[in-house]
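# Understanding the architecture of this molecule
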Amino acid sequence: TVGAASAPLALDRPPAAERLERLDLAPLSLGAVQRLLQRRLGWVPSRPMLHHVQELSGGNPFYALELGRALQAGSLHVEPGERLPVTLDALVGARLDGLPAIARRALAAAASMAQPTLEVVNAVVGDDALAAAERAQIVDIRDGVVRFAHPLLASGAYAATDPATRRALHAAIAVRVSEPEERARHLALAATGPDEGVARALEDAARRAESRGAPAAAAELLERAVRLTPRGHAAEARRRTTDAAFCVFQSGDSRRARDMLDELVRATGPGPARARALVQLALVRGYDDDLRAAEALLREAITEAEGDGEL
C-alpha cells in the first residue's frame, strides 16, 4: 500500500484482516534512484540533478525514470536551485511526441485493444508501424503480442488521439478481430450515434459473456447496447435494460439493479414488457429479504402478463 490507500476487494475487513499482512512501500531513496537511472538508462546524473529527480518524482520509480529519460535526451533543462516545472502527463506526452505520426497512431491502435497483437496493429496502421516505439522502449513485442512498458504510456497514447481518429481505429480493428465481445466493443466505440446493428452485436456478445459466467461484462455490454438502441426500438431498449439490470444483480450490485428496475417499471406501460421487469425486480427484492414485497410484485406481474403462459 501507499499512504492511506484502501485495500483492494475490502481485504482489510474481517475475516480477511486476520490473514492480511500490510507492507508500506516507502519512496525510493536517493541512492536507489541513482541505481535505477544507471541500470535502466546507463546514465549517472550530477548530484544536484539527482536531487531534483528524487525530489520531484517523490521516489516513484516510473516518474523518476521518465524524468531521467527527458533530462538525458535534453528535452528538459534544469537551472540550479529551481524545481523541474513538469508533470507526469507532460513527460509521457513529450516521450510520445518524439515519435513519428505513424508510430503514435499505431500506439493508439494497440492501446485500443484489450489484447493488442502486432498482426492487427500492422493490418490497421501499416507494417512496421510500431518499430520506432519499440526502439524507444515504449512497447515490447514478443511472440506477436504488444505490451506497453507502463499502463500510463498506453492511456497517454490513446488520450492524445483525436476522437475521429479513435473512432476510425476502432472501426478498422472491429473488422479484424474475431472474438465477438471485443468486436462488439470496438463497433460501439466506433459508432457516432444510435445503431440497431451495433446494439444487436453488443446484446449477442453479452449473451456469450453471461454464458461463460461473467455477469459484470455482460451488464456493461448490455448497457452500451441500451445507449445505442435507436429511439424507434422501444421494445428492444426495454428488454436490454431488463437484462442489463439482472446481470448487474448477478454481479453483486443489488442496490443498483433495483434502482434500474424501479425506473424501468415506472416508465413502462401495462403489459408483458412491464411484467418481465416486475419479475426481475421481485427476484432482487426477494434476495434483499423483502419476500412480502417480492410476492406483491409477482402478483402484479401475473396481472400484467395478459395471458402470456410462459411468462
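Structure shown above.
Cut-offs used in this document
- Residues numbered from 1 in each chain as written.
- Predicted model: local features only at pLDDT ≥ 70, side-chain atom pairs only at ≥ 80, totals over all residues.
- Heavy atoms only, no water.
- Salt bridge = Lys/Arg side-chain N within 4 Å of Asp/Glu carboxyl O.
- Helix = DSSP H or I, 4+ residues; strand = E, 2+ residues; numbered from the N terminus.
- Buried < 20%, exposed > 50% of the residue type's maximum accessible area, 1.4 Å probe, protein only.
- Pairing = 2+ DSSP bridges.
- Axes fitted to C-alpha atoms, helices over the stretch in contact; angles between N-to-C directions.
- Parallel < 35°, antiparallel > 145°, perpendicular 65-115°, else oblique.
- Left-handed = near helix turned anticlockwise from the far one by under 90°.
- Contact = heavy atoms within 4.5 Å.
- Nonpolar A, V, L, I, M, F, W, Y, C, P; charged D, E, K, R; others polar.
- Expected span 1.5 Å × (residues − 1).
- Arc of directions from axis to C-beta.
- Phe/Tyr/Trp six-rings, centres within 6.5 Å; stacked < 30°, edge-to-face > 60°.
- Lys NZ or Arg CZ within 6 Å of the ring centre and 35° of its normal.
- Polar contact = N/O pair within 3.5 Å; in protein donor to acceptor, adjacent residues only side chain to side chain.

## Looking at the pattern of salt bridges
All chains considered together, the criterion is met by 21 salt bridges. For Glu-196, the salt bridge is made with Arg-200, and the minimal N-O distance between the two is 3.5 Å. Remark: Arg-200 and Glu-196 occur in helix 11 (residues 196-211); sequence separation between them is four residues, near one turn of the helix. On the accessibility criterion, Glu-196 (13% relative accessible area) is buried. Given a relative accessible area of 43%, Arg-200 falls into the partly exposed group.

## What about the pairing of strand 2 (residues 145-148)?
Burial along strand 2 is one-sided: Val-146 and Phe-148 are buried, while Val-145 and Arg-147, pointing the other way, are not. Summarising the sheet, strand 1 (residues 139-142) and strand 2 pair through four bridges and their orientation is antiparallel. In the strand pairing of strand 2, Ile-141 is matched with Val-146. Here strand 1 hands over to strand 2 after two residues, with Asp-143 in that stretch at a positive phi of 55°.

## Quick look at the packing of helix 5 (residues 101-112) against helix 9 (residues 163-176)
Close contact between helix 5 and helix 9 brings their axes to 10 Å; oriented N to C, the two are set at 60°. Classified by the angle between their axes, helix 5 and helix 9 sit oblique to one another. Of the two possible hands of crossing, helix 5 and helix 9 adopt the one that is right-handed. Seen from helix 5, the contacting residues are Arg-105, Ala-108, Ala-109 and Ser-112; seen from helix 9, they are Thr-165, Leu-169, His-170 and Ile-173. Across the contact of helix 5 with helix 9, the residue classes break down as four nonpolar, three polar and one charged.

## Focus: helix 14 (residues 254-267)
For helix 14, which comprises 14 residues, the first-to-last C-alpha distance of 20 Å matches the rise-based estimate of 20 Å (1.5 Å per residue) to within 8%. Of all the positions in helix 14, only Ser-254, Ala-257, Met-260, Leu-261, Leu-264 and Val-265 are classed as buried. Viewed along the axis of helix 14, the buried residues span an arc of 130°, placing them on a single side of the element. Along helix 14, the residues that are exposed and aim more than 90 degrees away from the buried face are Arg-255, Glu-263, Arg-266 and Ala-267.

## Section: the packing of aromatic side chains
Aromatic ring pairs are reported here in terms of the distance separating the ring centres and the angle at which the planes meet. What the rule picks out here adds up to two aromatic pairs. Ring geometry for Phe-246 against Phe-249: centres 5.6 Å apart, planes inclined by 40°, an arrangement best described as tilted. Pair noted here: Phe-246 and Phe-249 are both in helix 13 (residues 234-250), with a separation of three residues, about one helical turn. Comparing Phe-246 with Phe-249, the two get one shared label, buried. Classification of Phe-249 as buried rests on a relative accessible area of 15%. Within the aromatic cluster, the residues linked to one another by ring pairs are Phe-246, Phe-249 and Tyr-287. In this structure, Arg-166 is placed above the aromatic ring of Tyr-158, and the distance from its NZ or CZ to the ring centre is 5.1 Å.

## Side note on the packing of helix 12 (residues 215-228) against helix 13
Two numbers describe a pair of packed helices, the interaxial angle and the distance between the axes. At a minimum axis separation of 8 Å, helix 12 and helix 13 run at an interaxial angle of 155°. In terms of orientation, helix 12 and helix 13 fall into the roughly antiparallel class. Crossing angle aside, the handedness with which helix 12 passes helix 13 is left-handed. Listed contacts from helix 13 to Pro-215, Ala-218, Ala-219, Leu-222, Glu-223, Ala-225 and Val-226 of helix 12 are Ala-237, Arg-240, Thr-241, Asp-243, Ala-244, Cys-247, Val-248 and Gln-250. In terms of residue class, the contact of helix 12 with helix 13 is made up of ten nonpolar, two polar and three charged.

## Here we look at the side chain of Arg-240
For Arg-240, the location among the structural elements is in helix 13. A relative accessible area of 1% places Arg-240 in the buried class. A polar contact is formed between the side chain of Arg-240 and the side chain of Thr-229, at a distance of 2.9 Å. Once residues lying within four places of it in the same chain are set aside, the contact partners of Arg-240 are Glu-196, Ala-199, Arg-200, Glu-203, Leu-222, Ala-225, Val-226 and Thr-229.

## A look at the environment of Ala-237
Take Ala-237: it is sitting in helix 13. Taking the C-alpha atoms as reference points, Ala-237 and Pro-194, separated by 43 residues in sequence, lie 11 Å from one another. Once residues lying within four places of it in the same chain are set aside, the contact partners of Ala-237 are Val-226 and Thr-229.

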